[in-house]
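As a plain string of letters, each chain reads:
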Amino acid sequence: MGVKVGVLALQGDIAEHILAFREALADRPGSTVIPVRHVEDLPGLDALAMPGGESTTISRLIGKNGLYEPLAGFEGAIFATCAGMVLVADRVDDPRVRTLGLIPMHVARNAFGRQVDSRETLLNIAGLADPFRAVFIRAPVATEVDPGVEVLARIPEGIAAVRSGRHMAFAFHPELGGDLRLHRMFLESLGV
């Protein structure tokens, strides 16, 4: 049986997420990856990727497209990266961002500062045998997580990766660079 993954397609690195999930699902016949822009795109999805981009802009577009309640009530698994990590948190340091409250954690936007402070690093992630080349672009970090949220990776600035139930959130961009191990780990958590 195939898996149906949606990618929130309002702003950000949408094409990269679609490509990464298509590659990760290439050996699973009947699987599809679709862009999600409207409420009617959500039914039937097993999972949803929330890409990086500008969290304040994505937050406004979620509201404009009437997606807040449907996303907050989404029953599938969520794979959130960078700005997506900000949006799935229940607490954020910027009042301009309306979060979805899906993962009980506090996130600091732009924890790395300016664009020039972005970087790549080899990151040890729980569940992966070898380090992962993590690309941080004006990245957030979780500064606090509630009990029950599993911390998968830390960096000096804070928490860079978490798992909460079926949801995973990353401060970096695992869709960049061709390493699909985190996508596969996420898909395995769906039982596929």
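It should be emphasised that the depicted structure is a prediction, and the values quoted were computed from it without experimental measurement.

Cut-off values and rules
Residues numbered from 1 in each chain as written. Predicted model: local features only at pLDDT ≥ 70, side-chain atom pairs only at ≥ 80, totals over all residues. Heavy atoms only, no water. Helix = DSSP H or I, 4+ residues; strand = E, 2+ residues; numbered from the N terminus. Buried < 20%, exposed > 50% of the residue type's maximum accessible area, 1.4 Å probe, protein only. Contact = heavy atoms within 4.5 Å. Salt bridge = Lys/Arg side-chain N within 4 Å of Asp/Glu carboxyl O. Arc of directions from axis to C-beta.

### A short note on the environment of leucine 67
Line of reasoning, step 1. Within the secondary structure, leucine 67 sits in the loop between helix H2 (55-64) and helix H3 (68-72).
Line of reasoning, step 2. Given the relative accessible area of 0%, leucine 67 is considered buried.
Line of reasoning, step 3. Note: C-alpha distance between leucine 67 and valine 145 (78 residues apart in sequence) is 25 Å.
Line of reasoning, step 4. Those residues within four positions of leucine 67 in sequence are excluded, and the remaining contacts are Leu8, Leu10, Arg37, His38, Val39, Leu42 and Ile62.

### Examining the pattern of salt bridges
Line of reasoning, step 1. Applying the stated criterion to the full structure yields eleven salt bridges.
Line of reasoning, step 2. Between glutamate 120 and arginine 133 there is a salt bridge, with its nearest N and O atoms 2.4 Å apart. Taken together, the positions of glutamate 120 in strand S7 (residues 119-123) and arginine 133 in strand S8 (residues 132-136) put the pair 13 residues apart, joining distant regions of the chain.
Line of reasoning, step 3. The salt bridge involving aspartate 179 is made with arginine 181; its shortest N-O contact spans 2.8 Å.
Line of reasoning, step 4. Through salt bridges with shared partners, a single ionic network connects Glu54, Asp94, Arg96 and Arg109.

### Considering unusual backbone geometry
If a residue is not glycine, its phi is most likely negative; likewise, a peptide bond is most likely trans.
Line of reasoning, step 1. At cysteine 82, a residue that is not glycine, the phi angle is positive and equals roughly 50°.
Line of reasoning, step 2. A relative accessible area of 4% places cysteine 82 in the buried class.

### Observations concerning helix H1 (residues 14-24)
Line of reasoning, step 1. Among the residues making up H1, those that are buried are Ile14, His17, Ile18, Ala20, Phe21 and Ala24. For H1, the angular spread of the buried residues around the axis is 165°, confining them to a single face. Opposite its buried face, H1 presents the exposed residues Ala15 and Leu19, each directed more than 90 degrees away.
Line of reasoning, step 2. Buried-residue contacts for H1 involve strand S1 (4-8), strand S2 (32-36), strand S3 (47-50), strand S4 (77-81) and helix H5 (181-189).

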